[in-house]
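Here's the letter readout for the chains.
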Amino acid sequence: MDETKTAPPPNPPAPATAPAPAPDPSSSGLRETKKRETRRLISDRATELFIEQGFERTTIAEIADAARVAKKTVTNYFPRKEDLALDHQDEFVATLADTVAARAPGETVLAALRRAFLASVASQDPVAGFAGPAFTRMIADSPTLTSCLRGLHDRREEALAEALAEDTAAPPGDITPRTVAALLGGVHRVLFTRIQELTAAGRTNPEIARLLDAEARHAFDLLEPSLHHYGRRP
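Nothing here was measured: the structure is a model prediction, and the numbers come from that model.

What counts, and where the lines are drawn
- Residues numbered from 1 in each chain as written.
- Predicted model: local features only at pLDDT ≥ 70, side-chain atom pairs only at ≥ 80, totals over all residues.
- Heavy atoms only, no water.
- Axes fitted to C-alpha atoms, helices over the stretch in contact; angles between N-to-C directions.
- Helix = DSSP H or I, 4+ residues; strand = E, 2+ residues; numbered from the N terminus.
- Parallel < 35°, antiparallel > 145°, perpendicular 65-115°, else oblique.
- Left-handed = near helix turned anticlockwise from the far one by under 90°.
- Contact = heavy atoms within 4.5 Å.
- Nonpolar A, V, L, I, M, F, W, Y, C, P; charged D, E, K, R; others polar.
- Buried < 20%, exposed > 50% of the residue type's maximum accessible area, 1.4 Å probe, protein only.
- Arc of directions from axis to C-beta.
- Salt bridge = Lys/Arg side-chain N within 4 Å of Asp/Glu carboxyl O.

1. Quick notes on the packing of helix H5 (residues 89-101) against helix H8 (residues 143-167)
At step 1: Remark: H5 packs on H8, axes separated minimally by 8 Å, with the N-to-C direction vectors making an angle of 30°. As the angle between them shows, H5 and H8 are arranged roughly parallel. Two packed elements cross with a definite hand, and for H5 against H8 that hand is right-handed. Here Gln-89, Asp-90, Phe-92, Val-93, Thr-95, Leu-96, Ala-97 and Val-100 of H5 come into contact with H8, specifically with Cys-148, Leu-152, His-153, Arg-155, Arg-156, Ala-159, Leu-160, Ala-163 and Leu-164.
At step 2: Its residues assigned to classes, the contact of H5 with H8 shows 11 nonpolar, 3 polar and 3 charged.

2. As for helix H7 (residues 133-140)
Counting along an α-helix, one turn takes 3.6 residues, and residues three or four places apart therefore face a common direction.
At step 1: Along H7, the residues that are buried comprise Phe-135, Thr-136, Met-138 and Ile-139. All buried residues of H7 fall inside an arc of 155° around its axis, so they share one side. Facing away from the buried side of H7, by more than 90 degrees, are the exposed residues Pro-133 and Ala-140.

3. Notes on the pattern of salt bridges
At step 1: Tallied over the full model, the rule gives 14 salt bridges.
At step 2: Taking the shortest distance from any N to any O, the salt bridge between Asp-154 and Arg-189 comes out at 2.9 Å. Of this pair, Asp-154 sits in helix H8 while Arg-189 sits in helix H9 (residues 176-200), and the two are 35 residues apart along the sequence.
At step 3: Put simply, Arg-80, Glu-82 and Asp-83 are held in one network by salt bridges that share partners.

Next up, the structure:
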């Protein structure tokens, strides 16, 4: 008679392992909020000191004391001292290139930048230069900040040239995007400086906005013969 083989008992189920706790989104959000608040606090206290006693004379230690943080915390958030005074550098550098990238169908590069600048004048945007007399004077009185601002204008023009080259599929080595960026960047630089001059002369932001609206239209009109068709978006 054949022997009947019985199957071995099945392996016992593995003990259940408790799943790892999911990260708490509220905790992460609180940390990010705290970082933003700390960054803003340090920047605000630094600006107050720069305006009160001058950028060059203010030390990182004084800023840390005013913000009630360690010196290392200040430099972690702002690696360079000038970053504390000009803390919207990336936004400033990207403004022209971003406007070109977002222009509407049928709109030329010149028309898009003209429209965006006039809108910034109407809203008295600090990034366009409407920073108020105390802040404007702080920059003018500091060789370091004046040099840094020139560098930001240069970087903004370079970013615009790169955006134009990509947008128009310019061949490598074509000087057209760089030339156009120099013309448009130059107009924005002149208008920014004009806002600073009028601010230093005691004009209020609403007064400056009224003057700049007309002056900006004239400045952009000067480029119209050369750039009125350039980069028209399909």
